[in-house]
Amino acid sequence: MSDDATALEQTAEGDLPAAIVKRPDGIYFSTDAPAVACLSAVSQIFMSSAFFAGLDYAAFSKMLYNVGPDLPENLRNKPLLRFADSIEPFHAARRALYKNVKIINGEAEYYFEQVFFEVPDMPPQPARLNFDEFVSDMWVKGIRFGIDAPAVRDVIATGRLARMIVARRLNATPGKDATIVEVSQDIHRSNALLQKADGKLDWQTFQNRFPQVKPNVKLLRKVPRTPGVRGYELSGLVLEPPVPKDIELTSVAGEGTVIENLRGGEFLVSAVEGFLSVDPGSKRLSIGPKIISREGVSARTTGNLQLTGEYEEFGDVQEQRSVEGGNITIHGDVFGNIVSRGGDIVLSKNLMGGSATNAEGGIRVQGVASGAVLQTKRGEIALARAESCIITGTRVVIGEASNCEIMAEEVVIKVAEGCAIAARKIEIVHAGPRKQNEMLLYVLVPDTAKFDKKIAELQPKVQHAAREADLRKAEMDAITSQAEVRNYLTLATRVRKREVTLTPEQEPLFHKMAEAVGPSLRQVAKISLAVKAAQAQQEQAQEEVNQVLRQKSTVQRGSRCVVELLTGDVLLRTMSFVPGEPPPYDRPAKEVKAKVRTAVPGMTVLHSGHIGPINWAPYLAD
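Since the structure is predicted, the reported quantities are computational estimates derived from the model, not experimental observations. (Residues numbered from 1 in each chain as written. Predicted model: local features only at pLDDT ≥ 70, side-chain atom pairs only at ≥ 80, totals over all residues. Heavy atoms only, no water.)

1. Here's the deal with the overall build of the protein chain
To be explicit about the condition: Comment: elements are numbered from the N terminus, with helices defined as DSSP H or I runs of at least four residues and strands as E runs of at least two. Residue burial is assigned from relative accessible area. The probe radius is 1.4 Å, only protein chains are included, and a residue is buried under 20% of its type maximum, exposed over 50%, and partly exposed in between. Whether two residues are in contact is decided by their heavy atoms, any of which lying within 4.5 Å being enough. Per-residue and other accessible areas follow the Shrake-Rupley method at a 1.4 Å probe size, with only the shown protein chains counted as cover for residues.
Across its full length, the protein chain holds 11 helices and 41 strands. A buried classification covers 42% of the 622 residues belonging to the protein chain. Considering only contacts within the protein chain whose residues lie at least 6 apart along the sequence, 50% involve residues at least 24 apart. Carbon and sulfur atoms make up 51% of the accessible area of the protein chain, which amounts to about 33700 Å² in all.

The structure is reproduced here in structure tokens:
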């Protein structure tokens, strides 16, 4: 008996691998068996010169490699899966009918042609191939996966000549990388035009360029990575797909956000109320009270901005664009207009031809301000260099200023050329003209007319009270100068001081004297009270006069001008202002320019020429 027959006989007797079950109605896989056990069992059958007759190749491949369409509903979750009718011997004479296969780039090519049995002493006998035998033969030749069963069955059934691909490698299907997706519309900008109160559209302003969110809003969601699907070489070797990339929400979680595992997955959630910002480098999303932009301000990117919070811009602000807000920081060049309700305006580069105005706070330009307007009602303006600018504020500090018009409470400049400056306190290291522009200085001195008027109004009160006191005192002197009254008062004083001691006989006479002058004494006492009242009124009125005089002196002594070195002609004049009214520098830029470049009657020339230094103050001038 041949080895093939012996193996087949052992198989028929039931000595099958555990993964394969033979029943009267067919051959089954045990669905509890792992795929590797099924592969080993199938290989054992095929290598023992047998094949599976009535093979269901789809179920066969599904069990071995888990590829292809899903099993029918009636075959799922069953302990056994039928995949063939029987196991039959694969005789050598039949095996000789199958030719070699050519494998190129993961594809197996086979040439189908008429086949013949070789019978001794007889001409070759026509024969036909069999699909089930073909699968077994291919397995032995190394093709254990990917046979195109419908195509092979068709060409065998028709018996036609054909060179065709009978099996293909299944490449691994890559999975999907983990991604982060937006889940809230609140993080989207609206670039629609802003509608004004009258219903018209503002063609310069967008509706919502910088989104603002409330706390506990889901912003982003992590979509977990999806694993790929295995592929197989023709040999059955597993082709593993590349491992998909993972990403964590921590990589985009910035300040003001938290990561929460909620129903529906892992989310990035807002922890506070504020404005959204995304760092272009790290891609971190942050929420805070400050608006941060990196695109610049232009008609294309943002339009004009009307902001409710702090603002920090890393790009440029283009011409005719405006930014309104509070605590504004611009890291790029500014060609437009910056308007702040308060806080500070900080320009890290240059202000060129635009403006920076602050209702309450400082302005700082770290670069050059040229052809610009800088104004603050209450705050300090600090510049490294200013050219042809109009500047007003409480305090102005400049490194180099040329051809500027400046008006402030206090001005401190290292080098000033061709400027017109008006302030209560002026401190300049170097000053002189520049080309056709004179160097004009104005010390703001208070108009004391209201103090003089107040003093003039109070003086009659002082004089009236003094006259009243003198009149009352004269009346009192007239009474006390009477002989009876004077004698009694003299005696009463000596008795009170115990300079004289009255005898029992003298006391009645003393009391009688007191009764006689009693009416006069009562009148003296009454007049004395009137004298004291008049004197008090006089002192009070005089104190009011003195207070106004002190106020006048204090206001006058607040003005000063110091220039250490003159580099040319410098003209210093007085410019009056009214104390108590709005600051003289709180006026439109055009008025400031006209005010400091035009002399008016009433101005006093304090210095004219190129000889210095200048050190003027009212107490020094006196």
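The discussion continues.
2. Focus: the confidence of the model for the protein chain
This is how it is decided: The quantity known as pLDDT measures the predictor's confidence residue by residue, on a range of 0 to 100.
Within the protein chain, residue pLDDT values average 85, and 87% of them lie at 70 or more. Scored below 50 in pLDDT, residues 1-14 shows 15 contacts in the model against residues more than four places distant or in partner chains. In the predicted structure, residues 190-196 sits below a pLDDT of 50 and forms 26 contacts with residues beyond four places in sequence or in another chain.

3. Here we look at the packing of helix H5 (residues 131-140) against helix H6 (residues 149-158)
We count it as follows: Between N-to-C directions, angles span 0 to 180 degrees; the directions come from axes that are lines fitted to C-alpha atoms, helices contributing only their stretch in contact. Convention used here: angles under 35 degrees read as roughly parallel, angles over 145 as roughly antiparallel, angles from 65 to 115 as roughly perpendicular, and any remaining angle as oblique. In this scheme the crossing of two helices becomes right-handed for a clockwise turn of the near helix relative to the far one and left-handed for an anticlockwise turn of less than a right angle. Put simply, Ala, Val, Leu, Ile, Met, Phe, Trp, Tyr, Cys and Pro go in the nonpolar bin, Asp, Glu, Lys and Arg in the charged bin, and everything else, Gly too, in the polar bin.
The interhelical angle for the contact between H5 and H6, taken along N-to-C directions, is 125°, at an axis separation of 10 Å. With respect to each other, H5 and H6 are oriented oblique. In terms of crossing hand, the pair formed by H5 and H6 is right-handed. In this structure, H5 contributes Phe131, Asp132 and Phe134 to the contact, and H6 contributes Ala149, Val152, Arg153 and Ile156. When its residues are assigned to classes, the contact of H5 with H6 shows 5 nonpolar, no polar and 2 charged.

4. So, helix H2 (residues 35-47)
Here is the rule we go by: Here the expected span of a helix is defined as 1.5 Å times the quantity of residues minus one.
In a regular helix each residue adds 1.5 Å, so 13 residues correspond to 18 Å; H2 covers 18 Å between its end C-alpha atoms and thus fits that length. The set of residues buried in H2 consists of Cys38, Ala41, Val42, Ser43, Ile45 and Phe46.

5. Digging into the pattern of salt bridges
Rules: The term salt bridge refers to a side-chain nitrogen of Lys or Arg lying within 4 Å of a carboxyl oxygen of Asp or Glu.
Taken as a whole, this structure holds 24 salt bridges when the rule is applied. Between Asp137 and Arg95 there is a salt bridge, with its nearest N and O atoms 3.7 Å apart. Of the two residues, Asp137 is situated in helix H5 and Arg95 in helix H4 (residues 92-95); the sequence distance between them amounts to 42 residues. Across the pair Asp137 and Lys141 runs a salt bridge, and its minimum N-O distance is 2.9 Å. Judged by relative accessible area, Asp137 falls into the buried class, the value being 2%.

6. Points about unusual backbone geometry
The omega torsion of the bond from Gly612 to Pro613 falls at 0°, within 30 degrees of zero and hence cis. Position of Pro613 among the secondary structure elements: in the loop between strand E40 (605-609) and strand E41 (614-616). Positive phi values are uncommon outside glycine, yet Asn66 reaches one of about 55°. Classification of Asn66 as exposed rests on a relative accessible area of 57%. Although it is not a glycine, Asn327 adopts a positive phi angle of roughly 55°.

7. Remarks on the packing of aromatic side chains
To keep it simple, the criterion reads: Geometry of aromatic contacts follows a simple scheme: Phe, Tyr and Trp rings, the Trp one being its six-membered ring, pair when their centres are within 6.5 Å, and the pair is stacked under 30 degrees between planes, edge-to-face over 60, tilted otherwise.
Counted by the stated rule, this structure contains 20 aromatic pairs. For the ring pair Phe60 and Phe83, a centre distance of 6.1 Å and an interplane angle of 40° mean the geometry is tilted. Of the two residues, Phe60 sits in helix H3 (residues 57-65) while Phe83 sits in strand E4 (residues 80-84), which places them 23 residues apart along the sequence. Each of the two residues, Phe60 as well as Phe83, counts as buried.

8. With respect to the sheet that holds strand E20 (residues 274-278)
We count it as follows: Paired strands are those between which DSSP finds at least two bridges.
A sheet is described by the order of its strands in space; here 3 strands give the open sequence E14-E20-E21, paired in antiparallel fashion. In this open sheet, the two strands that pair with only one neighbour each are strand E14 (212-213) and strand E21 (285-288). In the sheet, E14 pairs with E20 via 2 bridges, with the strands oriented antiparallel. Directly across from Val213, in E20, lies its bridge partner Gly274.

9. Section: the nonpolar core
Using the following cut-off: To define a nonpolar core, start from buried Ala, Val, Leu, Ile, Met, Phe, Trp, Tyr and Cys residues and group those joined through side-chain atoms within 4.5 Å.
Core analysis: the biggest nonpolar cluster contains 56 residues, and Phe52, Phe60, Phe112, Ile147 and Val166 have the highest contact counts within it. Discounting residues that sit within four places of it in the chain, Phe112 has contacts with Leu129, Phe134, Val152, Val155, Ile156, Arg160, Leu161, Ala162, Met164 and Val166. Residues Phe275, Cys389, Ala408 and Val411 belong to the second largest nonpolar core, which totals 49 residues.

10. Topic: the side chain of Thr376
Convention followed: Here a polar contact is taken to be a pair of N or O atoms separated by no more than 3.5 Å, where protein atoms must pair a possible hydrogen donor with a possible acceptor and residues adjacent in sequence count only if both atoms sit in side chains.
Position of Thr376 among the secondary structure elements: in strand E32 (residues 373-376). What makes Thr376 buried here is its relative accessible area of 3%. From its side chain, Thr376 meets the backbone oxygen of Asn358 in a polar contact 3.2 Å long. Only 2.7 Å separates the side chain of Thr376 from the backbone oxygen of Gly361, close enough to count as a polar contact. If we ignore the near neighbours within four places in the chain, the residues touching Thr376 are Asn358, Gly361, Ile363, Ile381, Thr392, Gly393, Thr394 and Tyr585.

11. Let's talk about the packing of H2 against H5
The contact between H2 and H5 brings their axes to 9 Å, and the two run at 100°. With respect to H5, the element H2 is oriented roughly perpendicular. Contacts between H2 and H5 involve Leu39, Val42, Ser43, Phe46 and Met47 on the former and, on the latter, Val135, Ser136, Trp139 and Val140. Tallied by class, the residues present in the contact of H2 with H5 amount to 7 nonpolar, 2 polar and no charged.

12. Considering the sheet that holds strand E11 (residues 179-182)
Reading across the sheet, the 4 strands line up as E11-E15-E19-E18 and stay open at both edges, with antiparallel pairing between neighbours. In the strand order of this sheet, the two ends are held by E11 and strand E18 (257-262), each with one partner. The sheet shows a mean angle of 30° between the axes of neighbouring strands, taken without regard to direction. Pairing analysis gives 4 bridges linking E11 to strand E15 (residues 218-223), with the strands arranged antiparallel. Across the sheet, Glu182 pairs through a bridge with Leu220, a residue of E15.

13. Quick word on H3
Counting buried residues in H3 gives 8 out of 9 residues, a clear majority hidden from the surface. Three or more residues of H3 are buried, namely Tyr57, Ala59, Phe60, Ser61, Lys62, Met63, Leu64 and Tyr65.

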